[in-house]
Amino acid sequence: MWIRVHSWFNCLGSLQETIPVKKRFDVLGLGCTAVDEILYVPKYPAPDGKVEVREREIHCGGLTATALVAAARLGARAAFAGTLGADDGSRFISATFRREGVNTRHAVSRRGAGPIRSLIVVDETRRTRNIFYDPKAALGAHPRLPAKAVIESTRVLLVDRFGIPGMIRAARIARAADIPVVADFESSHLPRFDELLALVDHLIVSENFALRLTGARTASAAITRLWRADRRVVILTSGARGGWFQEAGMAGSQRFQSFRVEAVDTTGCGDVFHGAYAIALAEGMELSVRLRFASAAAALKARRHGGQAGIPLCRDVEHFLAAQDGRTLNLAPTLESKPARARGSFGAS
């Protein structure tokens, strides 16, 4: 079957083109999920200090989970095939995925497994956050699951550092099938990380992480050290400062700009960027469109509290980008954004 590229990408300035559709999923993720308790405080306290909590929320979070929810809200057929358990946190994650339209048919159930448990303190004055997390129960990708056919049924594979042996297996299957592998890494201390890193052809990491990983002093130097002959794209994100990128065929790296918004909470912005980038990649968009679309989705998320509560719908991104260009946007009547999701509740069982 053949279809036209969704017209919501046409408003981003891309050319309409014909692409084959033979895949069950647009984006498949195997990695990190989290239950995030978010505390909003007027100012982060000094050592031995005390501060009143203005608001307390509990959300689904995690690198892969947030990216998949972002992709689903933006119209992707997203799927999770990582490992969860039977605890209350796993049930909360599964319920969130179902509510957001993320397919969990191929998720792996394993006794003792569960999501990361995180405490996130948001400083409302500085508009920064500190994250305290316990990853002991987070197993990520299973070393032998999902089946090879499931991995081959996606248009983009999203990997992180949770369950590295399983991630390596999945990435090898994907690369052999010419499926792009998009990575979201925050640390590199685990065994075989370098082996996984070498299998990623769309590497998207923060500038700070890239500098630590490579020992480089500048973003451009870090990209040079991260580049491989078989890599398609390297992107370093720098929050409000935009970031740097290099694509195959370019002589060197270039900067890209972020969108200026009144940021309230930056929790999950990087993960939203990954999810938006992944669906743009799945749709065959050129790199400039992917960067612009992902940057807009991340900027809109920053305007609302919560790692996932603020993830925009496709229609939100369309209108935001049209406003940036000073254009009037006429949406096709057949295109409907997904309805707003109610926040889930989380209780101990």
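Given the structure is predicted, the values throughout are model-derived calculations rather than measurements.

A. Geometry of the sheet that holds strand β6 (residues 78-80). On the basis of which strands lie adjacent, the open sheet formed by eight strands has the order β6-β3-β11-β12-β13-β14-β15-β16 and mixed pairing. Unpaired on one side and paired on the other, β6 and β16 (254-256) mark the two borders of the sheet. Strand-to-strand, the axes of this sheet are offset by a mean angle of 20°, without reference to chain direction. With respect to the sheet, helix α7 (residues 207-214) is in contact with β13 (202-206) and β14 (233-237), its orientation differing from that of β13 by roughly 100°.

B. A look at the sheet that holds strand β9 (residues 116-123). Taken in spatial order, the four strands of this open sheet run β5-β4-β9-β10, and their pairing is mixed. The sheet terminates laterally at β5 (55-61) and β10 (128-134), the two strands that pair on one side only. Put simply, the sheet's adjacent strands are angled 20° from each other on average, direction ignored. In terms of strand pairing, strand β4 (residues 34-41) meets β5 through seven bridges, oriented antiparallel.

C. Examining the nonpolar core more closely. In terms of nonpolar packing, the biggest core is built from 55 residues, with L74, V102, I235, F273, Y277, F293 and V317 touching the most fellow members. Breaking this core down by element, the ones donating at least two residues are α2 (63-73), β6, α3 (88-100), β11 (154-159), β14, α9 (269-282), α10 (287-302) and α11 (314-325). Element by element, the count of residues in this core is highest for α10, at eleven residues. In this structure, V102 is in contact with L68, V69, A72, A78, A79, F80 and F97, ignoring residues within four places of it in sequence. Counting 37 residues, the second largest nonpolar core, distinct from the first, contains A171, I173, V181 and A210.

Cut-offs and rules
Residues numbered from 1 in each chain as written. Predicted model: local features only at pLDDT ≥ 70, side-chain atom pairs only at ≥ 80, totals over all residues. Heavy atoms only, no water. Pairing = 2+ DSSP bridges. Helix = DSSP H or I, 4+ residues; strand = E, 2+ residues; numbered from the N terminus. Axes fitted to C-alpha atoms, helices over the stretch in contact; angles between N-to-C directions. Contact = heavy atoms within 4.5 Å. Core = buried A, V, L, I, M, F, W, Y, C linked by side-chain atoms within 4.5 Å. Buried < 20%, exposed > 50% of the residue type's maximum accessible area, 1.4 Å probe, protein only.

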